[in-house]
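Remarks on the overall topology
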Amino acid sequence: MMKKKSISSSKASLVLFLCQMISALDVPLDSKLLEELSQPPTITQQSPKDYIVDPRENIVIQCEAKGKPPPSFSWTRNGTHFDIDKDAQVTMKPNSGTLVINIMNGGKAEAYEGVYQCTARNERGAAISNNIVIRPSRSPLWTKEKLEPNQVREGDSLVLHCRPPVGLPPPIIFWMDNAFQRLPQSERVSQGLNGDLYFSNVQPEDTREDYICYARFNHTQTIQQKQPISVKVFSMDSLNDTIAANLSDTDIYGAKPVTERQPILLTPTGSTSTKVELRGNVLLLECIAAGLPTPVIRWIKEGGELPANRTFFENFKKTLKIIDVSEADSGNYKCIARNILGSAHHVISVTVKAAPYWITAPRNLVLSPGEDGTLICRANGNPKPNISWLANGVPIAIAPEDPSRKVDGDTIIFSHVQERSSAVYQCNASNEYGYLLANAFVNILAEPPRILTPANKLYQVIADSPALLDCAYFGSPKPEIEWFKGVKGSILRGNEYIFHDNGTLEIPVAQKDSAGTYTCVARNELGKIQNEVQLEVKDPTMIIKQPEYKVIQRYGQVSFECIIKHDSTLLPTVTWLKDNDELPDDERFLIGKDNLTIMNVTDKDDGTYTCIVNTTLDSVSASAVLTVVAAPPTPAIIYARPNPPFDLELTGQLERSVELSWIPGDENNSPITNFVIEYEDGLHEPGVWHYQTEVPGTQTTIQLKLSPYVNYSFRVIAVNEIGRSQPSEPSEQYLTKSANPDENPSNVQGIGSEPDNLVITWESLKGFQSNGPGLQYKVSWRQKDVDDEWTSVIVANVSKYIVSGTPTFVPYEIKVQALNDLGYAPEPSEVIGHSGEDLPMVAPGNVQVHVINSTLAKVHWDPVPLKTVRGHLQGYKVYYWKVQSLSRRSKRHVEKKILTFRGNKTFGMLPGLEPYSSYKLNVRVVNGKGEGPASPDKVFKTPEGVPSSPSFLKITNPTLNSLTLEWGLPTHPNGVLTSYILKFQPINNTHELGPLVEIRIPANESSLILKNLNYSTRYKFYFNAQTSVGSGSQITEEAVTIMDEAMASRQVDIATQGWFIGLMCAVALLILILLIVCFIRRNKGGKYPVKEKEDAHADPEIQPMKEDDGTFGEYSDAEDHKPLKKGSRTPSDRTVKKEDSDDSLVDYGEGVNGQFNEDGSFIGQYSGKKEKEPAEGNESSEAPSPVNAMNSFV
């Protein structure tokens, strides 16, 4: 017979802890309630443990805490009290424990190195921060050294040492050349983890004198440069030539050729080495080998496999990288370097140690007087950490005694606590690799009951569905909750009700008689309170006449009915869909009160039509299929949809699968192509059928995968080329067992809607995804980078939770986990969100404007501190406007212009400014909430520019030798006008320009009389204004002086003489006769010597043009038989004669003469050689000749 064993003290502690978990209080996150309850301090924000600061900037050591009453703060430095009042350089922010050490006004960062710890204290206890080690960053200079040139033989290995200065934090190393271009790296040349540059074998192209190692210190944003290293690679050919030049003919010389070598390891050295890495860190192992050809590196783990999803290869596989290492990654790792001549290997023995990490961190405990509870602090590490407790920041061994408290290793047991037992306890878990410190308060509260649900809240549900009536409460001791129905009703009990721990009353199946007034009563030994809520139960919405399957011929008319019945107090809306999408925008579709009619049906109307009825409480739908067919040509064969399958049977029922079989119906002359299986969830969505899968038409059984907690029914639909059959009769129902949720909500986000809140949203799980009854969500959040504890709350099946009282725009880690009555879903992944943004607090400072020219300026400003942005920095806006024009001295309506510069830019260009004007501008920072305050207005002025053209130029009062000019001021003077410039020149009858005359006119003049001009002469005028900067754009005009009266009369006399008229008629007649002769001769097809010359030379580039291909025929001329030069259309020593008429062609080409009709046809002859006369004037207004254009292509 076995002896009874006594229960050990550890097991007793566990039993006591379980009892405590049942009785411990949960404080609802009600903002009004939280403001009224006393609470010990909680550290909400603190600086990192290892805090490296910029020695050029002020040191800010964060310490924020909450509590009721608000806590006071104190600091220790290097273990002793730090008296802030005695140091003028140190201040503490109001209502905060954050220290600001003023370095920018004379303080030295080195003087404030040390270990700091913050204490937040109120009447209920004291919380402490981590030990914050403050160290200023360092970026020392490179030690000077004399670098000898590296002379190496081609094919040998080489290592260029970097040896950067030791900085804090360590620098980032990279190699560049004198042109600041990164040196190319490959399998042959690469940088090691220590910063050295390794050459597995050198090549002649490696010769250079500017191998430069750079060290970048990111914290101080500085880069240090090592002196350039020179490398000279001697090739075998050049080495042989050098030796030959220094030896006699009788000497034997000749360097050995480049020989291939098997691999040897440059780093690490030896055959084995060791490496210690901490759990959670990144493990980096490196092997770089020399050899020719260049060796290839391969990595293996002895006795195991490299972790699949955490292993990466870098630096051309010379570096093995394993992220998030754990103790399981300890072992021997072998790198193997191999080329065609052999291999070399090295074994690295890796040991993974671990700084302490939490298994169970202590959590805040809220108890009522007389209750029991426990604080548990469990951590692991390698070596195993030591657990120590503190009370209000003092080691618990020397803290004031509390008879209700007992320490048992990693557990503190509380029994029969009193209000004076409230305190903050600290658990410290430490080993040689680090420590963890967690604060957890024990808050003893004595509070009468409170009901947080609003009074007379109205709940509306559909009959035969669950009703949940809330009664959120709080009290200490924890109140008992009772529910009553009616004014004088008795307490509710029995299986028809479910009473939840949070006070909610659930009526699983609400009936019409369930409606009424329900009273929730909360009572504890300190008091009693009650609240009433109202429940209304509505009739369900039903489709009493559903749309039916229709087959219609093209161009016919079809109608689907959808007649509904609904609760009289609910307003339904009816929506029709086609193939689960909106109806086509087509006037053929007519929607009536109870039907849908389609006129003039076409093939594209074929599909599934669904009637959806929605109310505020429920939704129902029904579908029918429309098949559009052509009129059958003959009644011989009728093709139709298949008949529905029948005799559905479920076999092989398992928790997550079942086998479904059926018998196909008649094919109706069209083979069944596939079967569609649908399911109904009678538990969550009765009456709604969902697509499950489909199988080929030859298959009549299928193994179906199932989800937990679903009451399945199945039906099968047969499909052929005509369409789908009616669904089969449903199978028998099969209810799967409940299980934990398999998945968590998706699309988790955290975005604040107000500056002091965080709105956590997610996409809720569908009904069948719950896997069991009681679907809820555990919402957890904590401030990022603060080492804060997770705060969690369990909410009902909703999709949003609002966290109030958050700091403005701080990052939060968020996770949402699904749970049901059977347990939790897998641990969810974390997402990063931000609490709400607020308008930026400060304006950009040190705004400076640099005027580049009269229309462009550059504005600079100092960026605002990111903490003052209080949101996502979107950029800066520059507002600028013109105050007045300095030339007119008159103000005008101010039109502000805005330029936005995205991101953290600190300068921008202001284009399109007006010259010689006064402007103002200011700068504002912009975040997602809006704009911050404006900087003080900055005034700047643009310099003078060149003016615009004068507004007008008029020329009046022409005489024989004078013209009068009048002009207007420039529309935009753009400065102070100094003068006007007038230029003019005569134009002759051939439009050639004469000499240019320039006159400078004072700026105050607006007219001028030009004298001593030539009579009957056209003049062209160019007029512009000037400022001290230069001349503006010009305005041009032309005018003519009048003719001498005698000459005018002579011209009139000649034009009216009879002999002149007769002469003109004779010339016209002669031209007509010449045209007729030319036409007759051309039709004869006379032959020119040109043709004979071309035929003789048979130039393939110049072929005769034939009549049969639509081109010109051969040419002849009885007067001129001089041959042309080869390859020319006209002789190079002749010119084309210029006609007297203005319509004739002008001189063309180089020495080619001929005559052309006015229509461009060739009529002339080849005349004797004649030199071309030079053209007069600077330029001609006549058009280029087509003859020249032809000659240019010959």
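For the structure itself, consult the block above.
1. Points about the state of the cysteines
- Under the defined criterion, the tally for this structure stands at 6 disulfides.
- A sulfur-sulfur distance of 1.8 Å marks the disulfide that ties Cys-287 to Cys-335. Judged by the sign of its S-S torsion, about -65°, the bond between Cys-287 and Cys-335 is left-handed. Taken together, the residues span a long stretch of sequence, with Cys-287 in the loop between β22 (283–286) and β23 (288–292) and Cys-335 in strand β27 (residues 331–339) at a distance of 48 residues.
- Judged by relative accessible area, which is 0%, Cys-287 ranks as buried.
- Each sulfur of the disulfide joining Cys-562 and Cys-611 lies 1.9 Å from the other. What sets the handedness of the Cys-562 and Cys-611 disulfide is the S-S torsion sign, and at about -65° it is left-handed. Linking Cys-562 in the loop between β49 (558–561) and β50 (563–565) with Cys-611 in strand β55 (residues 607–614), this pair joins segments that are 49 residues apart in sequence.
- Each bonded cysteine in the protein chain gets a number by its place in the sequence, and the pairs come out as 1-2, 3-4, 5-6, 7-8, 9-10, 11-12.

2. Looking at the pairing of strand β85 (residues 1018–1026)
- Burial runs high along β85: 7 of the 9 residues are buried.
- Summarising the sheet, strand β82 (residues 979–987) and β85 pair through 9 bridges and their orientation is antiparallel. Residue Gln-985 lies in a different strand from β85, and its bridge partner there is Lys-1020.
- Bridge count for β85 against strand β86 (residues 1035–1040) is 6 bridges, and the pairing is antiparallel. Paired with Lys-1020 across the two strands is Glu-1038, which belongs to β86.

3. Remarks on the sheet that holds strand β46 (residues 527–538)
- Taking strand neighbours across the sheet as the criterion, the 4 strands line up as β39-β46-β45-β42 in an open arrangement whose pairing is mixed. If you trace the sheet from one side to the other, it starts and ends with β39 (457–462) and β42 (480–485), each paired once. Going across the sheet, the axis of each strand differs from the next one's by a mean of 25°, ignoring polarity.
- Of the strand pairs in this sheet, strand β45 (residues 516–524) and β46 are connected by 9 bridges, and their pairing is antiparallel.

4. Here we look at the nonpolar core
- In this structure, Ile-59, Ile-61, Trp-75, Ile-101 and Tyr-116 are the most contacted members of the largest nonpolar core, which totals 28 residues.
- For this core, the secondary-structure elements that each account for two or more residues are β3 (59–61), β4 (63–68), β5 (72–77), β8 (99–101), β9 (114–122) and β11 (132–136).
- Of all the elements, β9 adds the most residues to this core, at 3 residues.

5. Regarding the environment of Glu-659
- Along the chain, Glu-659 falls in strand β58 (residues 657–663).
- For Glu-659, a relative accessible area of 33% gives the class partly exposed.
- It is 7.0 Å that separates the C-alpha atoms of Glu-659 and Thr-701, two residues lying 42 residues apart in sequence.
- For Glu-659, the residues in contact, after removing those within four places along its chain, are Glu-649, Leu-650, Thr-651, Gly-652, Ile-702 and Gln-703.

6. Some thoughts on the packing of aromatic side chains
- Applying the stated criterion across every chain, the model contains 21 aromatic pairs.
- Ring centres of Phe-174 and Tyr-214 lie 5.7 Å apart, and the angle between their planes is 5°; on these two criteria the pair is classed as stacked. Placement of the pair is Phe-174 in strand β14 (residues 172–176) and Tyr-214 in strand β17 (residues 208–217), with a sequence separation of 40 residues. Assigned by exposure class, Phe-174 and Tyr-214 land together as buried.
- The cationic tip of Lys-858 hangs over the ring face of Phe-907; the distance from NZ or CZ to the ring centre is 4.8 Å.

Procedures and definitions
- Residues numbered from 1 in each chain as written.
- Predicted model: local features only at pLDDT ≥ 70, side-chain atom pairs only at ≥ 80, totals over all residues.
- Heavy atoms only, no water.
- Disulfide = S-S within 2.5 Å.
- Helix = DSSP H or I, 4+ residues; strand = E, 2+ residues; numbered from the N terminus.
- Buried < 20%, exposed > 50% of the residue type's maximum accessible area, 1.4 Å probe, protein only.
- Pairing = 2+ DSSP bridges.
- Axes fitted to C-alpha atoms, helices over the stretch in contact; angles between N-to-C directions.
- Core = buried A, V, L, I, M, F, W, Y, C linked by side-chain atoms within 4.5 Å.
- Contact = heavy atoms within 4.5 Å.
- Phe/Tyr/Trp six-rings, centres within 6.5 Å; stacked < 30°, edge-to-face > 60°.
- Lys NZ or Arg CZ within 6 Å of the ring centre and 35° of its normal.

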